[in-house]
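# Observations on the model geometry
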Amino acid sequence: MRALIPAALVPVLLATASPPAAAGDRAGAEELLAELSSCRQISHGKYRADDGSPARIPVCDTKGAVFFKADMDIDCDGQVSRQCNKKKDPLFQAATAFQQSDGKPLDSARLPYVVVPGASKIWKHEDSGIKGGAVAAVIHDGHLTYAVVGDTGPTDIIGEASYATAKSLGIDPDPARGGTGSGVTYVLFKNSRADPIESRDAAVTRGRELTERFVRGN
């Protein structure tokens, strides 16, 4: 006989349940990519990937969003978890540039987030309406997931996201050996925010709305 869940626990279980790993489908990814076929460069120069290659990656501007096409390194910073800690990641830091609504660091293992380069003469993300908690659509191999802007990285490198982002896209999320060398498109919606920043559901709901608006408006 199946055990009954006490009514008092139902709201708790619903609040902690994870949303679908992929917040979008192939059709949504294709529609977004169709609007990103050309780049109107907004960055004053280009970024490099974290592999020693020359700086070749521009940040592109379009109506309602900025985007770039890069690799994906794994950011496992933030709250300590089984997946993200000093043992798993020698470069682990127990902090993120942006915090949860309770002041704690973000949880890379549970929250899909992307990393933007620290402000520099190349590009200042806030000047483009991209702040902590901004909603992002991340596309790889035809799959789309929604995330938030959750951390900042080096001023000359681009292409990094959390353990949960990589996992939701079918990319190896291991912070030491995971990631992918190319083929990831990051779309950051201007003047947007998932509230609270730590809610995957909020990012999904807002991301779907913004994607539909973006596709219709471009």
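Treat the numbers as computed from the prediction; the structure is a model and nothing was measured.

Two cysteines, two sulfur atoms, one covalent bond between them: this is a disulfide. Inspection of every chain in the model, using the stated rule, returns 2 disulfides. Covalent S-S linkage joins Cys39 and Cys60, the inter-sulfur distance amounting to 2.0 Å. Across the S-S bond linking Cys39 and Cys60, the dihedral sits near -100°, which makes this disulfide left-handed. Of this pair, Cys39 sits in the loop between α2 (26-34) and β1 (40-41) while Cys60 sits in strand β2 (residues 60-62), and the two are 21 residues apart along the sequence.

For the rest of this paragraph, the subject is the pairing of strand β8 (residues 180-189). Relative to β8, strand β3 (residues 65-75) runs antiparallel, the two being bridged by 7 bridges. Bridged to Phe67 within β8 is Val187.

One simple way to see leftover space: roll a probe sized like a water molecule over the atoms. Taken as a whole, this structure holds 2 cavities of 30 Å³ or more when the rule is applied. Counted as a void, the second largest cavity has a volume near 40 Å³. If you trace the second largest cavity, you find it lined by Val115, Val116, Pro117, Gly153, Pro154, Ile157, Ile158, Gly159 and Glu160. Taken together, the residues of the lining of the second largest cavity sort by class into 6 nonpolar, 2 polar and 1 charged.

With that settled, the discussion passes to unusual backbone geometry. A cis amide bond links Asp195 to the next residue, Pro196, at an omega of 0°. Checked against the element boundaries, Pro196 lands in the loop between β8 and α4 (200-217). In the Ramachandran plot, Asp141 falls in the positive-phi region, its phi being about 55° despite a non-glycine side chain. Relative to the helices and strands, Asp141 resides in the loop between β5 (135-140) and β6 (143-153).

Here the protein averages 90 in pLDDT, and 88% of its residues register 70 or above. Low pLDDT, under 50, characterises residues 1-24; the stretch is placed with 19 contacts to residues that sit more than four places away or in other chains.

As a further point, take the pairing of strand β4 (residues 113-117). Two faces make up the sheet, and in a regular strand the side chains alternate between them. Extensive coverage of β4 is indicated by the burial of 5 of its 5 residues. Of the two faces of β4, the one holding Tyr113, Val115 and Pro117 and the one holding Val114 and Val116 are both buried throughout. Relative to β6, β4 is paired through 5 bridges, and the arrangement is parallel. Bridge pairing links Val115 to Asp151 in β6. Here β4 runs beside strand β7 (residues 160-162); their pairing, made up of 2 bridges, is antiparallel. Looking at β7, one finds that Val115 is bridged to Glu160.

Right, let's talk about the nonpolar core for a bit. If you look at the biggest cluster of nonpolar residues, it comprises 56 residues, and the most contacted ones within it are Met72, Val114 and Leu188. Counting residues per element, the ones that place at least two in this core are α2, β3, β4, β5, β6, α3 (163-168), β8 and α4. Beyond its immediate chain neighbours, meaning those up to four positions away, Leu188 contacts Gly64, Ala65, Val66, Phe68, Val114, Val116, Trp123, Ile130, Val135, Ala136 and Val149.

Each value, and the rule that gives it
- Residues numbered from 1 in each chain as written.
- Predicted model: local features only at pLDDT ≥ 70, side-chain atom pairs only at ≥ 80, totals over all residues.
- Heavy atoms only, no water.
- Disulfide = S-S within 2.5 Å.
- Helix = DSSP H or I, 4+ residues; strand = E, 2+ residues; numbered from the N terminus.
- Pairing = 2+ DSSP bridges.
- 1 Å grid on protein atoms, 1.4 Å probe; cavity = no way out; pocket = protein on both sides within 12 Å on 5 of 7 lines; lining within 4 Å.
- Points joined across faces, edges and corners; volume = space filled by probe spheres on them.
- Nonpolar A, V, L, I, M, F, W, Y, C, P; charged D, E, K, R; others polar.
- pLDDT = per-residue confidence, 0-100.
- Contact = heavy atoms within 4.5 Å.
- Buried < 20%, exposed > 50% of the residue type's maximum accessible area, 1.4 Å probe, protein only.
- Core = buried A, V, L, I, M, F, W, Y, C linked by side-chain atoms within 4.5 Å.

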